[in-house]
Amino acid sequence: MTRLSEYLLPTEREAPADAEALSHRLMVRAGLVRQLGAGLWTWLPAGWRVHRKIEALIRAEMEAIGAQEVLMPVLGPAEPWRRTGRYDIPELFKLRDRREAELVLAMTHEEIVTYHAAQLIRSYRDLPLSLYHFQVKERDEPRPRAGVLRTREFIMKDAYSFDRDEAGMNSTYERFVGAYDRIMERTGLRWYRVQSDVGMMGGLGAHEYMAPCAAGENEIALAPGYAANVEVASAQARPASPDAERAAPEEVSTPGLTRVEEVAQLLGVHPSALLKAYPVVRAAAGEGALEGPALWLALVRGDHRVNEVKLARALGGPVRPARPEEIEAQIGPVGFIGPVDPRSGDVRIVLDQAVPAGCYVTGANRPGAHLRGVRPGRDFQHISADIRMVQEGDTVAGHPIVIERAIEVANIFKLGVRYSTPLEASYLDEDGRAKPLWMASYGIGPARIAAAAVEQLADERGISWPRALAPFAIHLVSLGRPGSEERAAAEDLYERICASEALRAEHIDVLYDDRDLGTGEKLTVAELLGCPLRLTVGRRALQRGEVEVQVRRGLLEGAPLPLSLEGEELVRALRERWQEAP
RNA sequence: CGGGACGUGGCGCAGUCUGGUAGCGCACCCGGCUGGGGGCCGGGCGGUCGCCGGUUCAAAUCCGGCCGUCCCGACCA
């Protein structure tokens, strides 16, 4: 219960000049957050209320599945990070204390929780166990951006589960999926759970929770019954139109034509009759890496694009684009490279699966020339893999996919023994043998949920919070000059609402604008801040003995409330309006 | 890491090219009016012009270095 005359809500008429994203602009303008430095944000009182509401919602669902809340430090020894091989991640903040001991600032807490698990979990009787905390994460981001959407310091709720074996891990994972689905549902956001890449976490499988919005940094492929990050998405490509059959490759002159469209136009063929060659070097021959030379030529249809994440997976390790001098030395002139007779015999070829059998146009490895009638398998040897980026119009189970921009608000991973093995976190099983703990981790970012809600639901007047996230349920506005009847009536109503234990218990909280400001300013601020319900006490309604009710979403005028309501009646009326609000 | 832009009061900006009194709108403070859409009038407070160095009689302005912020790309649990 809060009087705006005493509350820090520094609203601004204009957004900072460097604010681009909608959520960035509106969250600053509405007085929710202020910036300290690149990717460093202070949450002001109203913004922090939003954050805490999201935390409360997440906490409730964590407790409901039996996860136990703890708190682990942000600052910690470097040693566990060295053991898991994550010390060299560039995003990890590293520092030394006065005795020159190496420390890191945690970017997630796998190493730390596993260190404890190694000591605390002894027996299969201790399992399964799930721990979680809300704690600051520190990341030396190459590029913080878009207000609180991508920051260097942020609070994450991260949970970690420990099980006896893979089956146990899988079933715990499913319980968390259920909890996360319920969390997302309760936020009131539009969201998708998508298959995702395991990324730097390593592990056996992962999902991301994505909230579609313009400021999002990811793209997701969607079809009925299908949702995946484009990094890993697979779909049926539209049919290709291969080049005419030829008994052997035939060179054609294409001087200066290095782009697919140019070559296709000159030869009068569809872009899908070309094979685009993308040379990469497999950076590290890690575990599972395919044998052979480091230089690979990835071939996809001319109307497709290579997906580096999928390519890396197909080749069993991280890849980087080949440098021009590597291309010149080992394959052919940049712009005209192809799979047939590269300069070096050490080039291996991976062909995308969406290339149907047939003849294609490829670079000739000679300047200003292409080959027609190149048939994979006959004219060059290759392996096959799904290495292309899906695109709109591809189909999954017959349904065309669409691609939407989205912000990743949560990310969950099956870690397996990725961390327990190097950190020697094991338990004694019934058979008396030590076995590694099977782990999974579950992260979710309240700040991103808040920003995504702003992005998805704002209109030209400002923010429109969903009920579960709103800093206050009700924004009570008094109009009229100080000392007027309207002011007195508003004051009286505010006191009655504050006096209600029931409303407090149900978290139907009120922000009361009792400031001595003009009508326009008060109403504009209310719409900018975006509490779901606005109660307005002005002369018009007062003459009828009523309070005006406005639903923020859509700026809908609700039926007015009688001013005379008291006690249980008042509670019932407000509760009813609250529960009807979006 | 590559490319681009910017740094002048709390916010938004002008002034910089062509060196010479630091300015505007909003916000803020005081007084008055107004009181259903950031209203009006009058009077005020507030800025080492990001930092350091140089050139000059004189630097927000010219030169050099550094720092910071934003955008695009690379990168990103």
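About the criteria used
- Numbering of residues starts from 1 in each chain and follows the order in which that chain's sequence is written.
- The naming scheme follows written order: chains are lettered A onward, ligands numbered 1 onward.
- Note on the predicted model: pLDDT of at least 70 is required for a residue's local features to be given, and 80 or more for side-chain atom pairs to be given and counted; whole-chain, interface and lining totals, by contrast, use all residues.
- Each side-chain value is worked out from all heavy atoms of the structure, with water and hydrogens disregarded.
- Buried residues are those whose accessible area, probed at 1.4 Å on protein chains only, stays under 20% of the maximum for their type, while exposed residues exceed 50% and partly exposed ones sit between those limits.
- A run of H or I in DSSP counts as a helix once it spans at least four residues, and a run of E counts as a strand once it spans at least two, with each numbered from the N terminus.
- A pair of strands is considered paired only if DSSP assigns at least 2 bridges between the two.
- Working rule for helices: expected span equals 1.5 Å times residues minus one.
- Helix axes are fitted to C-alpha atoms over the stretch in contact, other axes to C-alpha atoms as well, and angles between N-to-C directions run from 0 to 180 degrees.
- Whether two aromatic rings pair depends on their centres lying within 6.5 Å, for rings of Phe, Tyr and Trp, where Trp uses its six-membered ring; planes under 30 degrees apart make the pair stacked, over 60 edge-to-face, and the rest tilted.
- Any Lys NZ or Arg CZ found within 6 Å of a ring centre and within 35 degrees of that ring's normal is scored as a charge over the ring.
- Between two residues, a contact is recorded if the distance between any of their heavy atoms is within 4.5 Å.
- Among buried residues, the Ala, Val, Leu, Ile, Met, Phe, Trp, Tyr and Cys ones that are joined through side-chain atoms within 4.5 Å form a nonpolar core.
- Between Lys or Arg on one side and Asp or Glu on the other, a salt bridge is scored when a side-chain nitrogen of the former is within 4 Å of a carboxyl oxygen of the latter.
- Any pair of nitrogen or oxygen atoms within 3.5 Å is treated as a polar contact; in protein, a donor-acceptor pairing is required on top of that, and neighbouring residues in sequence qualify only through side-chain atoms on both sides.

Quick word on the pairing of strand E19 (residues 348-352)
And then number 1: Summarising burial for E19: four of the five residues are buried, a large majority.
And then number 2: Sheet topology note: the strand E16 (residues 295-301)/E19 ladder contains four bridges and is parallel. When the sheet's bridge partners are listed, Leu 299 is paired in E19 with Leu 351.
And then number 3: Bridge count for E19 against strand E22 (residues 383-385) is three bridges, and the pairing is parallel. Counted as the bridge partner of Val 350 is Ile 383 from E22.

Remarks on helix H9 (residues 446-457)
And then number 1: Helix length check: H9, at twelve residues, gives a terminal C-alpha distance of 16 Å against a target of 16 Å (1.5 Å per residue), a fit within 8%.
And then number 2: With respect to burial, H9 is a largely interior element, twelve of its twelve residues being buried.
And then number 3: Every buried residue of H9 is listed here: Pro 446, Ala 447, Arg 448, Ile 449, Ala 450, Ala 451, Ala 452, Ala 453, Val 454, Glu 455, Gln 456 and Leu 457.

Points about the sheet that holds strand E14 (residues 250-253)
And then number 1: Taken together, the three strands give an open sheet; going across it, the order is E14-E21-E20, and neighbouring strands pair in antiparallel fashion. Each end of this open sheet is capped by a strand with a single partner; those strands are E14 and strand E20 (360-363). The sheet shows a mean angle of 35 degrees between the axes of neighbouring strands, direction not considered.
And then number 2: Pairing geometry for E14 and strand E21 (residues 369-374), over four bridges, is antiparallel. Opposite Glu 251, over in E21, you have Leu 371 as the bridge partner.

A look at the packing of aromatic side chains
And then number 1: In the structure shown here, the tally under the stated rule is seven aromatic pairs.
And then number 2: An angle of 75 degrees between the planes, with centres 5.9 Å apart, marks the rings of Tyr 7 and Phe 472 as edge-to-face. Here Tyr 7 is found in the loop between strand E1 (2-3) and helix H1 (22-29), whereas its partner Phe 472 is found in the loop between H9 and strand E30 (474-478), with 465 residues between them in sequence. In this pair, the class of Tyr 7 matches that of Phe 472, namely buried.
And then number 3: Seen in terms of ring centroids, Phe 176 and Tyr 442 are 3.7 Å apart; in terms of plane orientation they differ by 10 degrees. Their pairing is stacked. Placement of Phe 176 in helix H5 (residues 166-187) and of Tyr 442 in strand E29 (residues 438-444) is noted, with a sequence separation of 266 residues between them. Across the pair, exposure class does not vary: Phe 176 and Tyr 442 are buried alike.
And then number 4: Among the aromatic side chains, those forming a connected cluster through ring pairs are Tyr 173, Phe 176 and Tyr 442.
And then number 5: Note that Lys 94 overlies the ring of Tyr 87, its terminal NZ or CZ placed 5.4 Å from the centroid.
And then number 6: Directly above the aromatic system of Tyr 419 lies the positively charged group of Arg 418, at a separation of 4.6 Å from the ring centroid.

Notes on the environment of Leu 511
And then number 1: Mapped onto the elements, Leu 511 comes out in strand E31 (residues 510-513).
And then number 2: Take Leu 511: its relative accessible area is 0%, and that puts it in the buried class.
And then number 3: When neighbours within four sequence positions are excluded, Leu 511 is seen to be in contact with Thr 2, Leu 4, Tyr 7, Phe 472, Ile 474, His 475, Leu 476 and Leu 529.

Describing the nonpolar core
And then number 1: Counting 66 residues, the largest nonpolar core has Met 27, Leu 32, Met 62, Tyr 180, Tyr 209 and Trp 465 as the members making the most contacts within it.
And then number 2: Per element, the largest residue contribution to this core is eight residues, and it comes from H5.
And then number 3: The contacts of Tyr 209, once residues within four sequence positions are left out, are Val 177, Tyr 180, Asp 181, Met 184, Trp 191, Tyr 192, Arg 193, Ile 407, Glu 408, Val 409, Ala 410 and Ile 412.
And then number 4: Core analysis: the second largest hydrophobic core is formed by 29 residues, Leu 476, Val 547, Val 551 and Leu 574 among them.

Focus on the pattern of salt bridges
And then number 1: Scanning all chains against the criterion turns up 41 salt bridges.
And then number 2: The shortest N-O distance in the salt bridge between Arg 3 and Glu 491 comes to 2.4 Å. Residue Arg 3 is found in strand E1, and its partner Glu 491 is found in helix H10 (residues 485-498); the two are separated by 488 residues along the sequence.
And then number 3: In this structure Glu 491 comes out as partly exposed when scored by relative accessible area, which is 28%.
And then number 4: As a salt-bridge pair, Arg 3 and Glu 495 come within 3.1 Å of each other at their nearest N and O atoms. Highlighted residues: Arg 3 in strand E1 and Glu 495 in helix H10, separated in sequence by 492 residues.
And then number 5: Classification of Glu 495 by relative accessible area gives partly exposed; the value is 40%.

Overview of the side chain of Gln 550
And then number 1: Within the secondary structure, Gln 550 sits in strand E33 (residues 546-551).
And then number 2: Of note is the side chain of Gln 550, whose polar atom sits 3.5 Å from the side chain of Glu 527.
And then number 3: Once residues lying within four places of it in the same chain are set aside, the contact partners of Gln 550 are Glu 527, Pro 532, Leu 533, Arg 534, Leu 555, Leu 556 and Gly 558.

Quick notes on the pairing of strand E13 (residues 226-229)
And then number 1: Of the two faces of E13, the one carrying Tyr 226 and Ala 228 and the one carrying Ala 227 and Asn 229 are both buried.
And then number 2: As paired elements, strand E12 (residues 218-223) and E13 share four bridges and run antiparallel to each other. Directly across from Ile 220, in E13, lies its bridge partner Asn 229.
And then number 3: Remark: two residues form the turn of the hairpin made by E12 and E13, two consecutive strands paired antiparallel; Gly 225 in that turn has positive phi of roughly 75 degrees.

Overview of unusual backbone geometry
And then number 1: The omega angle of the peptide bond from Leu 127 to Pro 128 is -5 degrees, so this bond is cis rather than trans.
And then number 2: Its identity is not glycine, yet Glu 100 carries a phi of approximately 70 degrees, on the positive side.
And then number 3: Within the secondary structure, Glu 100 is located in the loop between strand E6 (93-96) and strand E7 (102-105).
And then number 4: Here His 507, not a glycine, exhibits a phi torsion of approximately 60 degrees, which is positive.
And then number 5: By the secondary structure assignment, His 507 is in the loop between helix H11 (501-505) and E31.
And then number 6: Judged by its relative accessible area of 56%, His 507 falls in the exposed class.

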